[in-house]
Each structure stands twice: as C-alpha cells, then as structure tokens.
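# A look at the structure
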Amino acid sequence: GCGVWLVVTALDNQGYDYPLIRPKYAMLLPLTGLVLFESYVQFGFFAHMAPNLITSCCGAVFSDEATTLTASLAHLPPALIRIVFWAGLLVLARSGVHFLLTGRGARPFAWIAASMFVIGILSVLSFISVYWYELPTHHCPFCLLKAEYYWIGYPLYAALLLLGVCGIGVGVVDRAAGIPSLAAPLPRLQRRLCQTALAGAGVVAAIALWPLLFSDFILG
C-alpha cells in the first residue's frame, strides 16, 4: 500500500498543478491507520514473548501436523500451484507486452500483477522453497534468507515486491488519465512501471526455474 502511494506521489509531483493532491492524502489516512495497527500488533507480539519458553522452529510451524493457516498454505498441492504459477506468468507477460505496444489494458494488467503477487507468495511456500532446500518437508519462507541458500530470498522477495507494487501502480495511476497536466508524464510512468513489474516477474521466474534445471531433486 505504501509503495503504491509513492507511485501516486511521484506522478502527482510531475503535474504543475499537483492534480492528485486530494486523492493522494485521502489514501494516506487509511494507510496511516494500517501502519499504526501493524506497529501495535508487532509491539504486542514482542512484549508478550516468554523468554523461558522454547520457540517453535520453522519445521514445527510449517509441518504436516501443524494446524495453522501458514501450514495449510504451505501444503497446497505443489503440482497445481506450479501450473497456476507458470500459467500466471505467461498471462502477465502477454498482458504487459500488449500494454507496452498499445497503451491499452492498464487495469487488467494491474489485476493480473496483483494476483501474481499472491500466487508468487503461495508458490514460495508450496514448491519454490522446497526445491531450493531439496527437502520435501521444508516449506519455510524465511530460511531462504540464510547464507547456506545463497541469500536467495532477498532478490526473490524484492522482485515479488517490484512485481506487486509496480504492477498495481500501473492500474492505480490510470485513473488520472484525462488530466491535462499529466498527459505527458502519465504514459511514461506507466511504461516504466510495467517494464519494472515484468522485470521483477522475470527474476522470480529465474529463481524458481534455477533449481528445477540444475538440481537432481524431484518433488512428487
């Protein structure tokens, strides 16, 4: 949400009359509430941690026996998620190329990018992390940030954020079409956002594909 707000602000600053100042600050109100709520929940989590208790490792949180939502998402059928993931990337690429060539279809591209952001997270839990660990019971999305896995989680999650924020941003700023002061900067910004979102999707695809091609591990 904050990333999309920064996209709107970047566009607004390119208009000589700042035409998006009212919707921009209207967006800021619910975002501020969400940030405060997030801070409250996070503070409550750390404040109530019991230092004399052994914490649950990722193996327990994402195990077959766990009944949490994260465990359920981690154990979605890998074969199905793989199909949805790769098909979604193809649809995203097709939609992005169509927008870059014609300038049309900004909002459908944004919806597809938002969907792929969610599908990407589910794919990390379901099969991408498993292939990097080469262990069928290890679904933790955080161990990808460790040195023994080449810190691959950092570019993976950065690319997912670029895909989500920039892709959604293409559709959000499309609502400013028709404003005279943004007639020139709007198409340029949308093209850059679309290209960045597609680049993020390419990085995600490459990270997902690497262990499939260069590892002997087979899931299934």
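The structure presented is a predicted model; accordingly, all values stated were derived computationally and were not measured. (Residues numbered from 1 in each chain as written. Predicted model: local features only at pLDDT ≥ 70, side-chain atom pairs only at ≥ 80, totals over all residues. Heavy atoms only, no water.)

What follows is about a nonpolar patch on the surface. Residues L209, W210, L213 and F214 make up a contiguous nonpolar surface patch of roughly 460 Å² in combined accessible area. As for its position among the elements, L209 is in helix α8 (residues 185–214). (Patch = residues over 30% accessible without salt bridge, like charges linked within 9 Å, V, L, I, M, F, W, Y side chains within 5 Å. Areas by Shrake-Rupley, 256 points an atom, 1.4 Å probe, with all protein chains shown as cover. Salt bridge = Lys/Arg side-chain N within 4 Å of Asp/Glu carboxyl O. Helix = DSSP H or I, 4+ residues; strand = E, 2+ residues; numbered from the N terminus.)

According to the stated counting rule, one finds two salt bridges in the structure shown. Measuring nitrogen to oxygen at the nearest pair gives 3.0 Å for the salt bridge that ties D12 to K24. With D12 in helix α1 (residues 2–12) and K24 in helix α2 (residues 21–47), this pair connects stretches of sequence that are 12 residues apart. We classify D12 as buried; its relative accessible area is 0%. In this structure, the salt-bridge partner of D174 is R107, at a minimum N-O distance of 3.2 Å. Taken together, the residues D174 in the loop between α7 (153–172) and α8 and R107 in helix α6 (residues 106–133) connect sequence positions 67 residues apart. The class of R107 is partly exposed, set by a relative accessible area of 40%. (Buried < 20%, exposed > 50% of the residue type's maximum accessible area, 1.4 Å probe, protein only.)

Take the side chain of Q190 next. Looking at the secondary structure, you find Q190 in helix α8. Judged by relative accessible area, which is 6%, Q190 ranks as buried. Polar contacts involving the side chain of Q190 include one to the main-chain carbonyl oxygen of V170, which spans 3.0 Å. Q190 has contacts with F99, A106, V170, V173 and D174, leaving out every residue within four places of it along the chain. (Polar contact = N/O pair within 3.5 Å; in protein donor to acceptor, adjacent residues only side chain to side chain. Contact = heavy atoms within 4.5 Å.)

Attention now moves to the packing of aromatic side chains. Counting across every chain of the model gives six aromatic pairs. On the numbers, 5.7 Å between centres and 75 degrees between planes, the contact of F85 with F127 is edge-to-face. Taken together, the residues F85 in helix α5 (residues 78–102) and F127 in helix α6 connect sequence positions 42 residues apart. Note on accessibility: F85 and F127 belong to one class, buried. Measuring from centroid to centroid gives 4.7 Å for Y133 and Y149, while their planes differ by 65 degrees, and the two rings are edge-to-face. In this pair, Y133 is assigned in helix α6 and Y149 in the loop between α6 and α7, connecting sequence segments 16 residues apart. (Phe/Tyr/Trp six-rings, centres within 6.5 Å; stacked < 30°, edge-to-face > 60°.)

This brings us to the environment of L162. Within the secondary structure layout, L162 lies in helix α7. For L162, a relative accessible area of 39% puts it in the partly exposed group. For the pair formed by L162 and A199, sequence separation is 37 residues and the distance between their alpha carbons is 8.3 Å. With residues near it in sequence (within four places) discarded, L162 still touches G167, T196 and A197.

Geometry only, nothing functional implied.
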